[in-house]
Amino acid sequence: MIEKIVIFRDFVMSELGIDDNFVVRSINSLIDLLSYQISQATGLPIVSIFDCIDARKYVELNGIDKNMSSMQSWLYLSQNISPEAEQYLVKCLQNSLVFGYHSPNLFIKTFIKNNIPFLDIFETAYRYMQDSFLGIRTNVNSVKNYVKNNQLSVHTMYAFANYLKAHYNKKRSLNIAENSCLLIGQTKIDTVLMNGNSFASLLDYKAEITKISNNYNTIYYKQHPVEKLNKEVLLFLKNIPNAVEIYDNTYKMLSNKNIKLVFGLNSGVLYEAKFFGKDTQFLLNKVYNYTQDGFADASDIFTIIDSNSHIFRINFWAEALKDIINTSFVDKKDDIYFENYQELIANYLDISSAFELSIYKKQVPERFLKRLKRNIKNILK
């Protein structure tokens, strides 16, 4: 019997002192955003993962090498769990529903293995739309059915990409050489770049990048808007004879017919490029998969819901959790409706995509865009 709902994030990161305030703030923000709706639907207490688990004990039960740095420990614990730590985690989450945000795949696999009911949301790789970028994965049947019945249509995804193409192509075209490719840069530290005991780098794929460059007239490369590539990577790229750095809007480049291939390590842009009609190549294995990409529905696969507004409604939680909790519905006219869903979750927007998509500035708060521009200007100095 479900007795409480646990708001979950990567508590290991916090315990190891890696941006620990961010993890705590994120959990508290989720509680602020959604606890009223969830409580109205379920009548259950809503608590933080830190109220349920001794994070230090969990880390110690995994038996990590004390000589490892915090970052090395995080890399290890994001990919490994000891039987003792798994047993402890399962015990701590007994009779709970886990509501996760951006939960590491290791924990999702553990929840599935031990039949811990969970609902995990994530701002997906598809962020070129003004709404509908939240994905959900779950092992709760009623949640699966709800999301399946309200999933974002791939036709809408193509139509939105075409809208952006129309927007950018009616302006003066970029001077892009025919038969070109685009290499997308990423931040150095990202969960999707975890590769054994280190983070993947473009330097690990010199041969592949060089081979790709030989098949195109020009290889354009764009650095991440908030983090420059390191000097060694830049030197390598500058030494490729047909490589050219480009600074233009990512979506404007995706809209250009002369760019045939988009590639990189594991950037969200690679997922998006498909809907702009581009060939794509991941240098690193995909970490997240989506039913909208043709993957079969499964507990570890994300499905993008057709509007971010769903999660703010009482009846969403009542319908989604009715298989495992005795939920309560409200009359449709009494449910929660307002127009600034985008503003409510602006703090969870990816910085680079929010900046690149300033054409949606009526939906994204102006103060948020101003802050993004200041941040990016400071970082690129």
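Here goes a summary of the coordinates provided. In this text, all values refer to a predicted model and were calculated from it rather than measured experimentally. All residue numbers refer to position in the chain's written sequence, counted from 1. It should be noted that, the model being predicted, local features are given only for residues of pLDDT at least 70 and side-chain atom pairs only at 80 or more, the latter also being counted only at that level, while totals for whole chains, interfaces and linings use all residues. The basis for every side-chain value is the complete set of non-hydrogen atoms in the structure, without hydrogens or water.

Structural notes on the sheet that holds strand β13 (residues 303-304)
Here's step 1: A strand pair is defined by DSSP finding two or more bridges across the two strands. Think of it this way: any DSSP run of H or I at least four residues long counts as a helix, any run of E at least two long counts as a strand, and we number them from the N terminus. Taken in spatial order, the 6 strands make up an open sheet running β2-β1-β3-β4-β5-β13, and their pairing is mixed. Both outer strands of the open sheet, β2 (46-48) and β13, are each paired with one neighbouring strand and no more.
Here's step 2: Running at roughly 160° to strand β4 (residues 118-123), helix α6 (residues 105-113) makes contact with β1 (4-8), β3 (96-101), β4 and β5 (134-138) of the sheet. In this analysis, two residues are considered to be in contact whenever any of their non-hydrogen atoms come within 4.5 Å of each other. Lines fitted to the C-alpha atoms define the axes, with helices restricted to the stretch that makes contact. Angles between their N-to-C directions range from 0 to 180 degrees.

Here's the deal with the sheet that holds strand β9 (residues 218-222)
Here's step 1: What the 5 strands build is an open sheet, ordered β10-β9-β6-β11-β12; its pairing is parallel. On the outer flanks of this sheet lie β10 (243-245) and β12 (279-282), each paired with one strand and no other. When the angles between neighbouring strand axes are averaged without regard to direction, this sheet yields 25°.
Here's step 2: Sheet strands touched by helix α9 (residues 206-213): β6 (180-184), β9, β11 (259-264) and β12. Its angle to β11, the strand with the most contacts, is close to 175°.

Some details on the side chain of T218
Here's step 1: Within the secondary structure, T218 sits in strand β9.
Here's step 2: Excluding residues that lie within four positions of it along the chain, T218 makes contacts with A177, N179, S180, C181, N242 and V244.

Observations concerning the environment of K332
Here's step 1: You can see K332 is positioned in the loop between α13 (314-320) and α14 (341-344).
Here's step 2: Here the alpha-carbon distance between K332 and R313, two residues 19 residues apart in the chain, equals 9.8 Å.
Here's step 3: Among all residues touching K332, those that are not within four sequence positions of it are N315 and Y337.

Considering the nonpolar core
Here's step 1: What is meant by a nonpolar core is a set of buried Ala, Val, Leu, Ile, Met, Phe, Trp, Tyr and Cys residues, joined one to another through side-chain atoms within 4.5 Å. A simple rule labels every residue: compare its accessible area, found with a 1.4 Å probe on the protein chains alone, to the largest value its type can have, and call it buried under 20%, exposed over 50%, or partly exposed in between. F11, F111, Y128, I209 and W317 are the most contacted members of the largest nonpolar core, which totals 123 residues.
Here's step 2: With 8 residues, the top contributor of residues to this core is helix α2 (residues 20-42).

Here we look at helix α10 (residues 231-238)
Here's step 1: Regarding α10, the residues found buried are V233, L234, F236 and L237. What you see down the axis of α10 is that its buried residues fit within an arc of 160°, all on one side. Summarising the geometry of α10, the exposed residues directed more than 90 degrees from the buried face are K231, E232, L235 and K238.
Here's step 2: Buried residues belonging to α10 abut β6, α9, β9 and β10.
Here's step 3: Within 3.5 Å is the distance limit for a polar contact, defined as a pair of N or O atoms, with the added protein rule that one can donate a hydrogen and the other accept it, and that residues adjacent in sequence qualify only through two side-chain atoms. You can read the cap of α10 off the contacts: a side-chain oxygen lies 3.1 Å from the backbone nitrogen of E232, and it is on N230. Working definition: the arc comes from the directions between the helix axis and the C-beta atoms, pointing outward to the latter.

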